[in-house]
Amino acid sequence: MDLGIAGKRALVCASSKGLGLGCAEALAAAGVNLVMNARGEEALLAAADAIRAEHGVQVETVVADVTTTEGQQKLLAAAEGADILVNNAGGPPPGMWSDWEREDFIKALDANMLAPIALMKALLPGMMERGWGRVVNITSQSVKAPIAVLGLSNSARAGLTGYVAGTSRQVAGSGVAINNLLPGIHATDRAVSLDSGVSAQQGISMEDAKAQRAATIPAGRYGTRAEFGAACAFLCSKHAGFIIGQNILLDGGATNMTL
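Residues numbered from 1 in each chain as written. Predicted model: local features only at pLDDT ≥ 70, side-chain atom pairs only at ≥ 80, totals over all residues. Heavy atoms only, no water.

Caption draft 1: Highlighting the layout of surface pockets. Here the largest pocket defines a volume of roughly 1500 Å³. What lines the largest pocket is a set of 49 residues, among which Gly90, Gly91, Arg157, Thr188 and Arg190 lie closest to the centre. Looking at the lining of the largest pocket, the element that brings in the most residues is helix α6 (residues 189-202), giving four residues. The residue inventory of the lining of the largest pocket, partitioned by class, reads 21 nonpolar, 19 polar and nine charged. Space inside the second largest pocket adds up to approximately 190 Å³. In terms of lining, the second largest pocket is formed by Gly90, Gly91, Pro92, Pro93, Trp100, Asp104, Lys107, Ala108, Asp110, Ala111, Asn112 and Leu152. Taken together, the residues that form the lining of the second largest pocket break down as six nonpolar, three polar and three charged. (1 Å grid on protein atoms, 1.4 Å probe; cavity = no way out; pocket = protein on both sides within 12 Å on 5 of 7 lines; lining within 4 Å. Points joined across faces, edges and corners; volume = space filled by probe spheres on them. Helix = DSSP H or I, 4+ residues; strand = E, 2+ residues; numbered from the N terminus. Nonpolar A, V, L, I, M, F, W, Y, C, P; charged D, E, K, R; others polar.)

Caption draft 2: Highlighting unusual backbone geometry. Unlike most non-glycine residues, Ala14 shows phi in positive territory, near 50 degrees. Here Ala14 lies in the loop between β1 (9-12) and α1 (18-29).

Caption draft 3: How the structure looks around the nonpolar core. In this structure, Leu27, Leu34, Met36, Ile51, Ile84 and Val86 are the most contacted members of the largest nonpolar core, which totals 34 residues. Elements that contribute at least two residues to this core include exactly β1, α1, β2 (33-38), α2 (41-55), β4 (84-87), β5 (133-138) and α8 (225-235). It is α1 that contributes the most residues to this core, seven residues altogether. In this structure, Met36 is in contact with Val12, Ser15, Leu21, Ala24, Leu44, Ala47, Ala48, Ile51, Val59, Glu60, Thr61 and Val62, ignoring residues within four places of it in sequence. Membership of the second largest hydrophobic core comes to 25 residues, among which are Ala64, Leu75, Leu124 and Val176. (Core = buried A, V, L, I, M, F, W, Y, C linked by side-chain atoms within 4.5 Å. Buried < 20%, exposed > 50% of the residue type's maximum accessible area, 1.4 Å probe, protein only. Contact = heavy atoms within 4.5 Å.)

Caption draft 4: Spatial organisation of helix α4 (residues 102-130). Between its terminal C-alpha atoms α4 stretches 40 Å, which fits the 42 Å expected from 29 residues at 1.5 Å a residue. Along α4, the helix axis deviates most sharply at Asp110, where the bend reaches about 45 degrees. Regarding α4, the residues found buried are Ala108, Ala111, Asn112, Met113, Ala115, Pro116, Ile117, Leu119, Met120, Leu123, Leu124 and Met127. Here the buried face of α4 lies against β1, α3 (69-78), β4, β5, α5 (151-171) and β6 (176-183). (Expected span 1.5 Å × (residues − 1). Bend = angle between axes of the 7 residues up to and from the residue.)

Caption draft 5: Quick look at empty space enclosed by the protein. Within this structure, the stated rule accounts for one cavity of 30 Å³ or more. Put simply, the largest cavity is a space of about 90 Å³. Together, 13 residues line the largest cavity, and Asn87, Asn88, Ala89, Ala111 and Pro116 are the ones closest to its centre. Residue assignment for the lining of the largest cavity shows that the elements contributing at least two residues are α4, β5 and α5. Element by element, the count of residues in the lining of the largest cavity is highest for α4, at five residues. Tallied by class, residues from the lining of the largest cavity come to eight nonpolar, four polar and one charged.

Caption draft 6: Layout of the packing of aromatic side chains. Enumeration according to the criterion identifies one aromatic pair in this entry. For the pair Trp100 and Phe105, a centre-to-centre distance of 6.1 Å together with 80 degrees between the ring planes defines the contact as edge-to-face. Accessibility expressed as a relative area gives 13% for Trp100, which makes it buried. On the accessibility criterion, Phe105 (32% relative accessible area) is partly exposed. Over the aromatic face of Trp132 sits the side chain of Lys8, whose NZ or CZ is 4.3 Å from the ring centroid. (Phe/Tyr/Trp six-rings, centres within 6.5 Å; stacked < 30°, edge-to-face > 60°. Lys NZ or Arg CZ within 6 Å of the ring centre and 35° of its normal.)

Caption draft 7: The sheet that holds strand β3 (residues 59-63), seen in detail. An order of β3-β2-β1-β4-β5-β6-β7 is seen for the seven strands of this open sheet, with the pairing classed as parallel. Two strands close off the open sheet at either side, each with one partner strand: β3 and β7 (247-250). Between one strand axis and the next, the sheet turns by 15 degrees as a mean value, whatever way the strands run. Of the pairings in the sheet, the one linking β4 to β5 comprises four bridges and is parallel in character. Note that in β5 the partner of Val86 across the bridge is Val136. Relative to β6, α8 is tilted by about 165 degrees, and along the sheet it contacts β4, β5, β6 and β7. (Pairing = 2+ DSSP bridges. Axes fitted to C-alpha atoms, helices over the stretch in contact; angles between N-to-C directions.)

Nothing here speaks to function; it is all geometry.
In structure tokens form, the structure reads like this:
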């Protein structure tokens, strides 16, 4: 399928590895020029070189922490006039309700709610003026079904979801579509970290820890970054202009709900 976005320009945050990289790769395969971002320079440059070599698109790299004001300013300077924005940032640490103080919530909100809002606020006016734009926010399956030990993430991502619900409907008439992608477990470094914790805690092998977690997913496996990236690229395509303010799960059926 021709996604109709060749020659467009996208800012993809936290895209040196994992789900962000999957999105960058899928957009590049559709002919989109990229501004890629990450905190680690080595991994970012390697990912950008690989995408240039495979897809022949223009790739600009920005080493910055997207969760900070300074990092956002660097990104926006490089991505001025972008047609597509993919918001992505790692989640806050796990814990229990009794562990968190006000400053912990402020950090979570800065990273997983206020940072993507700041980038949207800066880039949406240009998209609206040009009459076309796409925003995809990578959030979490916890928006649909809260995960007890991820209360900081639950709170911040739910706040972003509420913001998108209203904002997406205000800008849709100008040709801008904003949606959220909600990942479950994918075969990324985050999954390795989670499985390592289970392996150490239960005294089992990494293979057994992964199999144990995969058994809780109806699809029977972890997702891949390519699958996630393909879904992201579709939401950024010419075909997705009538999809507005939606929260789309990519979790292999793990979130048990009717709606």
